[in-house]
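Understanding the architecture of this molecule
Here are the chains, one letter per residue:
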Amino acid sequence: QKKYRVTIVGSGNWGSVAAKLIASNTLKLSSFHDEVRMWVFEETLQTGEKLTDIINQTNENVKYLPGIKLGKNVVADPDLERAVKDANMLVFVTPHQFMEGICKRLVGKIKGDAQAISLIKGMEVKMEGPRMISSLINEQLGVNCCVLMGANIANEIAVEKFSEATIGYREDEEVAQRWVRLFSTPYFLVSAVQDVEGVELCGTLKNVVAIAAGFVDGLEMGNNTKAAIMRIGLKEMKAFSKLMFPSVKDSTFFESCGVADLITTCLGGRNRKVAEAFARTGGKRSFNELEAELLQGQKLQGVSTAREVYEVLNQRGWQELFPLFRTVHEICIGRLPPSAIVQHSGSATKFS
Ligand code: NAD
Ligand code: 13P
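So, a few notes on the structure that sits alongside this text. Since the structure is predicted, the reported quantities are computational estimates derived from the model, not experimental observations.

The next thing to look at is the packing of helix α13 (residues 302-316) against helix α14 (residues 323-332). Between α13 and α14, the shortest axis-to-axis distance is 9 Å and the interhelical angle comes to 125 degrees. It follows that α13 is oblique to α14 by the angle criterion. The chirality of how α13 crosses α14 is left-handed. Where α13 approaches α14, its residues Val 303, Ala 306, Arg 307, Val 309, Tyr 310 and Leu 313 are matched on the opposing element by Phe 325, Arg 326, Val 328, His 329, Glu 330 and Cys 332.

Let us look at the side chain of Gln 319. Here Gln 319 lies in the loop between α13 and α14. On the accessibility criterion, Gln 319 (15% relative accessible area) is buried. Within the local environment of Gln 319, its side chain forms a polar contact with the side chain of Asn 314, the two groups lying 2.3 Å apart.

So, on to the layout of surface pockets. In this structure, the largest pocket occupies an estimated 1100 Å³ of space. Looking at the largest pocket, it is lined by 40 residues, and the ones nearest its centre are Asn 13, Pro 95, Arg 270, Gln 298 and Lys 299.

In this section: the site of ligand 2. Close to ligand 2 lie Lys 121, Gly 150, Ala 151, Asn 152, Ile 153, Lys 206, Asp 261, Thr 265, Gly 269, Arg 270 and Asn 271. In the model, an oxygen atom of ligand 2 is placed 2.7 Å from a nitrogen or oxygen of the Arg 270 main chain. The separation between an oxygen atom of ligand 2 and a polar side-chain atom of Asn 271 is 2.7 Å. In the complex, 91% of the free accessible area of ligand 2, which totals 300 Å², lies under the protein chains. Applying the majority rule of atoms within 2 Å of the grid points places ligand 2 in the largest pocket. Mapped onto the shell around ligand 2, the elements with two or more residues apiece are α10 (256-268) and α11 (270-280). For the shell around ligand 2, the class distribution of residues is two nonpolar, five polar and four charged.

The next point concerns a negative patch on the surface. There is a patch of like negative charges on the surface, built from Glu 171, Asp 172, Glu 173 and Glu 174. Structurally, Glu 174 can be placed in helix α7 (residues 173-183). On the basis of relative accessibility, which here comes to 60%, the residue Glu 174 falls in the exposed class.

Below, the discussion takes up α14. Because each turn of an α-helix spans 3.6 residues, side chains separated by three or four positions in sequence point in the same direction. Counting buried residues along α14, ten of its ten residues qualify, which places the element largely inside the surrounding structure. The complete set of buried residues in α14 reads Pro 323, Leu 324, Phe 325, Arg 326, Thr 327, Val 328, His 329, Glu 330, Ile 331 and Cys 332. On its buried face, α14 sits against α8 (196-218), α9 (223-244), α11, α12 (287-295), α13 and α15 (340-345). One or two residues past the end of α14 sits Gly 334, with phi positive at roughly 85 degrees.

Next up on the list: unusual backbone geometry. With a phi close to 65 degrees, Glu 160 is a non-glycine residue in the positive phi region. Topologically, Glu 160 is positioned in the loop between α6 (154-158) and β9 (163-168). Positive phi is not limited to glycine here, since Gln 296 has a value of about 50 degrees. Assignment of secondary structure puts Gln 296 in the loop between α12 and α13. Owing to a relative accessible area of 57%, Gln 296 belongs among the exposed residues under this scheme.

Before going further, it helps to spend a moment on the site of ligand 1. Close to ligand 1 lie 24 residues; Asn 13, Trp 14, Ala 154, Lys 299 and Gln 301 are nearest. With respect to ligand 1, the side chain of Glu 43 contributes an N or O atom lying 3.5 Å from an oxygen atom. Out of a free accessible area of 840 Å², ligand 1 has 89% covered by protein chains. The site holding ligand 1 turns out to be the largest pocket. Split by residue class, the shell around ligand 1 holds eleven nonpolar, nine polar and four charged.

Among the nonpolar cores identified, the biggest contains 53 residues, and Phe 215, Met 237, Phe 240, Phe 287, Phe 325, Val 328 and Ile 341 are the most heavily contacted of them. The greatest single-element share of this core, amounting to 13 residues, is contributed by α8. Those residues in contact with Ile 341, other than ones at most four positions away along the chain, are Ala 212, Phe 215, Val 216, Ile 229, Thr 327, Val 328 and Ile 331. Counting 46 residues, the second largest nonpolar core, distinct from the first, contains Ile 8, Ala 19, Met 38 and Leu 65.

This part covers helix α5 (residues 133-141). Looking at α5, one finds that the buried residues are Ile 133, Ser 134, Ser 135, Leu 136, Ile 137 and Leu 141. Phi turns positive one or two residues past the end of α5, at Gly 142, with a value near 65 degrees.

Along the polypeptide, Asn 61 turns up in the loop between α2 (51-58) and β3 (74-77). A polar side-chain atom of Asn 61 sits 3.0 Å from a polar atom in the side chain of Ser 16. Other than its neighbours up to four places away in sequence, Asn 61 contacts Ser 11, Gly 12, Ser 16, Leu 51, Ile 55, Pro 66 and Leu 70.

Cut-offs applied
Residues numbered from 1 in each chain as written. Chains lettered and ligands numbered in written order. Predicted model: local features only at pLDDT ≥ 70, side-chain atom pairs only at ≥ 80, totals over all residues. Heavy atoms only, no water. Axes fitted to C-alpha atoms, helices over the stretch in contact; angles between N-to-C directions. Helix = DSSP H or I, 4+ residues; strand = E, 2+ residues; numbered from the N terminus. Parallel < 35°, antiparallel > 145°, perpendicular 65-115°, else oblique. Left-handed = near helix turned anticlockwise from the far one by under 90°. Contact = heavy atoms within 4.5 Å. Buried < 20%, exposed > 50% of the residue type's maximum accessible area, 1.4 Å probe, protein only. Polar contact = N/O pair within 3.5 Å; in protein donor to acceptor, adjacent residues only side chain to side chain. 1 Å grid on protein atoms, 1.4 Å probe; cavity = no way out; pocket = protein on both sides within 12 Å on 5 of 7 lines; lining within 4 Å. Points joined across faces, edges and corners; volume = space filled by probe spheres on them. Near = heavy atom within 4 Å. Areas by Shrake-Rupley, 256 points an atom, 1.4 Å probe, with all protein chains shown as cover. Sits in = over half its atoms within 2 Å of the grid points. Nonpolar A, V, L, I, M, F, W, Y, C, P; charged D, E, K, R; others polar. Patch = residues over 30% accessible without salt bridge, like charges linked within 9 Å, V, L, I, M, F, W, Y side chains within 5 Å. Salt bridge = Lys/Arg side-chain N within 4 Å of Asp/Glu carboxyl O. Lys, Arg positive; Asp, Glu negative; His and termini not counted. Charge placed at Lys NZ, Arg CZ, Asp CG, Glu CD. Core = buried A, V, L, I, M, F, W, Y, C linked by side-chain atoms within 4.5 Å.

This is how it looks when you write it as structure tokens:
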């Protein structure tokens with residue numbers, strides 16, 4: 001029987017929790033090698049020590065997931081090319097803005113039989129148009145790439161509170177089931193659907209809605225307003241996804257990656273938190289400044305995704321169809337005040 005070797009590319013908050021989930025399973029399941037390699041974007045801590053060394057000495061990512069043991073079979077590696085060299089299962093989990101550079105470095109460096117999965121919520125937009133991160137990985141590296149998205153606030157899964165997740169796959173259900181086995185635990189319930197674009201767009205677009213929800217919190221507008229923004233946001237998520245990829249399934253929005261992720265992120269996520277602070281300061285402090293202060297090295301995806309979505313709306317002439325998405329970006333860049341989120345998005349109720 002073939003034994004699969006797993007490497008995780010990324011070691012932030014979610015990357016570290018993914019390592020913990022996977023490492024517990026590779027020890028139990030005979031079809032995987034015990035060791036899980038994790039590429040770490042190397043940094044020197046205030047103590048003068050290297051993050052990689054600390055992870056390998058203590059089994060703990062003291063910067064991005066303090067207090068949680070990852071498993072003794074997780075090996076942190078600061079050398080990207082070496083980390084992926086022997087792997088036939090590659091898990092990508094970095095902030096989306098770094099993936100183009102990472103893929104460039106990995107061209108020709110991965111094994112011919114490798115399979116990939118992306119846990120990354122985001123897309124990239126070029127002159128030629130938008131590209132999902134799983135497609136970037138697929139096209140740059142020539143590997144089949146599934147996605148895993150869901151209502152997955154990493155710190156909650158780290159302490160083994162029950163949650164669900166959705167794997168999106170293109171064609172090969174057997175490969176998708178292998179990923180399901182690699183991630184599933186009694187407290188992390190994973191299912192697979194054949195809708196890679198739908199799953200990935202849900203995970204990506206909900207971050208824009210979470211920014212809007214944070215504005216509502218910062219302005220203390222209450223639960224009804226926040227629910228309205230979430231409802232309008234969900235409608236825009238569905239409409240945008242189907243315009244981009246007509247194959248996207250309605251049912252995907254009822255999976256963990258859809259409505260459930262939208263709810264958890266709008267209640268307890270980092271995008272919501274920083275957007276709330278932005279609205280409380282009346283937009284006087286920038287997102288970059290607040291991100292650095294409140295997240296201590298962790299990264300927001302919603303602000304850049306709002307810009308990327310806005311570029312797509314411009315490229316395709318869809319501005320009028322997506323008042324919430326458009327307004328979030330215009331607030332983020334200071335063109336509109338945070339209070340515009342309700343006035344402008346309200347017009348979305350006209351679209352059904
Ligand atoms: P994070 O935001 O906690 O950490 C940032 C990471 O980026 C760190 O590992 C840091 O070392 C790395 N980094 C900084 N500069 C870099 C560079 N120049 N090149 C490469 N890496 C660099 O990361 P995360 O929470 O693991 O997020 C990764 C992805 O997972 C994102 O797309 C996010 O939306 C998604 N996600 C996060 C959560 C969560 O709760 N944290 C849950 C689900 C999905
Ligand atoms: P934030 O990045 O807003 O914390 O969202 C995390 C997430 O994607 C939960 O599923």
